[in-house]
Amino acid sequence: LGVFLICTYAAKEATKKTKKAKLYVPQIDCDVKAGKIINPEFIAKCPPGCQDVKYRVYGTDIYASFSSVCNAAIHSGIIDNTGGKILVQKVAGHSGYRGSFSNGVRSLSLPRWRESFLVSEGKPRKGVTYPSTLEYSSSKSTTVKSGNDRVDVPTGDAVRKEYQTSPVPTPATQMATTTPTPTTMMTDPSTTTPKPTITPAATRTTTVAAAAKTRAGLHRVRDIAFRGTSTSASNRNILRPNTGIQRQEPVAAFWRATGSPAHLAVETDSWKPGLSLFDTGFSSKEELNPKPLESISQGNPNCKVDLSFLMDGSWSIGKRRFQLQKQFLGNMAQALGISSTGPLMGIVQYGNDPSTEFNLKTYTNSKDLRNAIEKIPQKGGLSNVGKALSFVNKNFFSDANGNRGGAPNVVVVMVDGWPTDRVEEASRLARESGINIFFVTIEAAAESEKQNVMEPNFVDKAVCRTNGFYAINVPSWFSLHKVVQPLVKRVCDTDRLVCSKTCLNSADIGFVIDGSSSVGTSNFRTVLQFVANISKEFEISDTDTRIGAVQYTYEQRLEFSFDKYSTKQDVLSAIKRISYWSGGTSTGAAISYASEQLFSKSKPNKRKIMILITDGRSYDDVRVPAMAAHQNGVIAYSIGVAWAAQDELEAIATDPDKEHSFFVDEFDNLYHFVNQLIQNICTEFNSQPRN
């Protein structure tokens, strides 16, 4: 018996020792979005009160990472409004997030997003270790352990400050290494920024001072050269036809006659349209030796963008200019500070056909990337920029190529002179896919050469805004180094990288028009004018907003589909030609008909918007058809006139009802709601993520 008791006691003690430590579950706020948390899988605790329309949710079952984590958990039924523990797993992004109403939460539809997540009951999976502290990509505190000390370091600017004063690494941003190494200065005269390596505080001042002295000597030579003469586009020895014939290389290409114009649209501390480097008040030393951007050169996590440079490899550029282009791309990689938590950069070279030199995940630091750029051979051929943009749109920004969820997709197109194919259509399709396009044109066509350009004003047609922010014109390849820092600032300005889609160019809008007997011929014409006034505010084309229309009584009639008309004038003319039908009022059947005949044929990357106008109560049920439309991602607006039933208008409208339903006492007052309706459409659009 004694032996048995001893064995039992020993077994209990062993069990105690092998018990796992209790999992500490971090709490998150209601407004925290999954994309802001770096951890790929985590368990977290949601507080009470997250069931609120201000905490947006996108998708059903699988959610876009722009969604509120806790409200998505309520929508999925894992927790209720009292809060609780949840398990979140990050998965790849996809197209066509479906909106639905579930457990008191209205989720919205979303055409496309780069990262998704699944939410389930907050029980740990076997064999998975869960973090007790969550890592945030920005704006949150990150716990850093140094010896026995525990320090809360906010990310962003504060993290950079911590990094500059201490070699201790920050796990959440991975901006520094554990072992500091001395700064090594590049001896390449084209390099204007030092390598972003960590310098111990004791030696930093001496090293930088010595480097500045070296740079000054180098740039004095370049300054003298630029005060000489240079070959501009108007002084070429031969014209550049569409066949891509190579220009003659001038003997002294970087000399410019004194007083000749050299305007260059660049950006200093703040961007202004039409700003020229020579209007900024810089001295020549500052122009040719810009200071490095500390936050960017060290790998700024706030500049988390996925970049693709389209590199001009055509024969017309020549070998010497091709080498200058590679130096520029190397300097861009250095200034950006390539890192897995900051910007990533890949390169596609184009000539007759484009090809990927390396993708986003090939290199995750500036040094390796610069070395790889230096080894790129020239392809030759024509300057088919349009074909290159189509290639990037279809192939480059994929998960397999290192595309990240939540990071804006940016393409910077390098063009020597002008393209040899059309770029407008390819650019618009790329922008619709969420790609932000920048153009850097070098030695653009002179007046005498413009007859050779296939598509005049191709830059204005390619970029989403013609205000100068997305386009930089450089007068000479030997001035290209001056735009490194301005371009870095622009591609890192993520608040402005949202113009690929706007509320006016990214929707399929279907009008469902009541043609019942109670409307009357005169009032029906007023309704059509209301429809036309809304339509003309949108940018209408095959790749922008498309318009369709259905008229209904007891029956339904497709007046025209989304793909019927591709210009604003054609759409307005078609609306004017709609003839009054007259009959009963079956609004529910009309919603089902519009869902089947219009919105089922909507493009995946379009927002589906239904605008229904009626003047009376429906003879059939509207709730079930409206709910089905909502679940299929249709955003419904209802406009009631005269005898329209308020309860039906609210049932038809997408939640929240007050923002999606309107009522007027008579038809002549419909025009009052044109601006309000468009404003609401744009407000809702601007609340959605775009990258």
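Look above for the structure.
In every chain, residue numbers begin from 1 and rise along the written sequence. For this predicted model, a pLDDT threshold of at least 70 governs which residues receive local features, and a threshold of 80 or more governs which side-chain atom pairs are given and counted, while totals over whole chains, interfaces and linings are taken from all residues. The side-chain quantities take in all heavy atoms of the structure and omit both hydrogens and water.

A. Spotlight on the packing of aromatic side chains. For Phe, Tyr and Trp, where Trp contributes only its six-membered ring, two rings pair if their centres lie within 6.5 Å, and the inter-plane angle classes them as stacked under 30 degrees, edge-to-face over 60, or tilted in between. The final tally for this structure, using the stated rule, is 14 aromatic pairs. Relative to Tyr-470, the ring of Phe-438 lies with its centre 4.9 Å away and its plane at 45°, an arrangement referred to as tilted. Separated by 32 residues along the polypeptide, Phe-438 in strand S16 (residues 435-442) and Tyr-470 in the loop between helix H11 (458-462) and strand S17 (471-474) bring together distant segments of the chain. Accessibility here uses a 1.4 Å probe with only protein chains present; expressed as a share of the type maximum, an area under 20% marks a residue as buried, one over 50% as exposed, and anything in between as partly exposed. Tyr-470 sits in the buried class, given a relative accessible area of 3%. Aromatic ring contacts, followed pair by pair, group Tyr-58, Phe-66 and Trp-113 into a single cluster. When the NZ atom of lysine or the CZ atom of arginine is within 6 Å of a ring's centre and also within 35 degrees of its normal, the charge is said to sit over that ring. The ring of Phe-66 is capped by Lys-33, whose NZ or CZ atom sits 5.2 Å from the centre of that ring. Above the ring of Trp-581, the side-chain terminus of Arg-557 is found at 4.7 Å from the ring centroid. Think of it this way: any DSSP run of H or I at least four residues long counts as a helix, any run of E at least two long counts as a strand, and we number them from the N terminus.

B. Quick peek at empty space enclosed by the protein. A pocket here means an open set of points on a 1 Å grid, computed over the protein atoms alone, that has protein on both sides within 12 Å along at least five of seven lines. A cavity is instead a set of points where a 1.4 Å probe fits but cannot get out; residues with an atom within 4 Å of a point line either one. Grid points are joined across faces, edges and corners, and a volume is the space filled by probe spheres set on the points. Considering all chains together, one arrives at five cavities of 30 Å³ or more under this definition. The volume enclosed by the second largest cavity comes to roughly 70 Å³. Around the second largest cavity, the lining residues are Gly-99, Arg-106, Ser-107, Leu-108, Ser-109, His-630, Gly-633, Val-634, Ile-635 and Thr-654. Looking at the lining of the second largest cavity, the elements that each hand over two or more residues are strand S7 (105-107) and strand S22 (634-641).

C. Examining the sheet that holds strand S15 (residues 409-416) more closely. Strand order in the open sheet formed by six strands is S14-S13-S12-S15-S16-S17, with mixed pairing between adjacent strands. The open sheet has two free edges, formed respectively by strand S14 (355-358) and S17, since each of these has just one partner strand. Going from strand to strand, the sheet's axes swing by 20° on average, the running direction of each strand aside. Strand pairing requires that DSSP identify at least two bridges connecting the strands. Here strand S12 (residues 306-312) runs beside strand S13 (residues 344-350); their pairing, made up of seven bridges, is parallel. Paired with Phe-309 across the bridge in S13 is Ile-347. Any two residues whose heavy atoms approach within 4.5 Å are treated as being in contact. Axis angles are defined between N-to-C directions and span 0 to 180 degrees, where every axis is a line fitted to C-alpha atoms and, for a helix, only to the segment in contact. Strands S12, S15, S16 and S17 of the sheet are contacted by helix H12 (residues 484-492), whose axis makes an angle of about 165° with S16.

D. Broad picture of the pattern of salt bridges. Salt bridges are defined by distance alone: a side-chain nitrogen of Lys or Arg within 4 Å of a carboxyl oxygen of Asp or Glu. Enumeration over the complete set of coordinates arrives at ten salt bridges. One salt bridge in this structure joins Asp-508 and Arg-546, with 2.9 Å as the shortest N-O distance. Highlighted residues: Asp-508 in strand S18 (residues 507-514) and Arg-546 in strand S19 (residues 546-552), separated in sequence by 38 residues. On the basis of relative accessibility, which here comes to 0%, the residue Asp-508 falls in the buried class. With a shortest N-O distance of 3.3 Å, Arg-623 and Asp-647 are connected by a salt bridge. With a gap of 24 residues between them, Arg-623 in helix H16 (residues 623-631) and Asp-647 in helix H17 (residues 646-652) connect regions that are remote in the sequence. Connected through shared salt-bridge partners, Arg-617, Arg-623, Asp-647 and Glu-648 make up one network.

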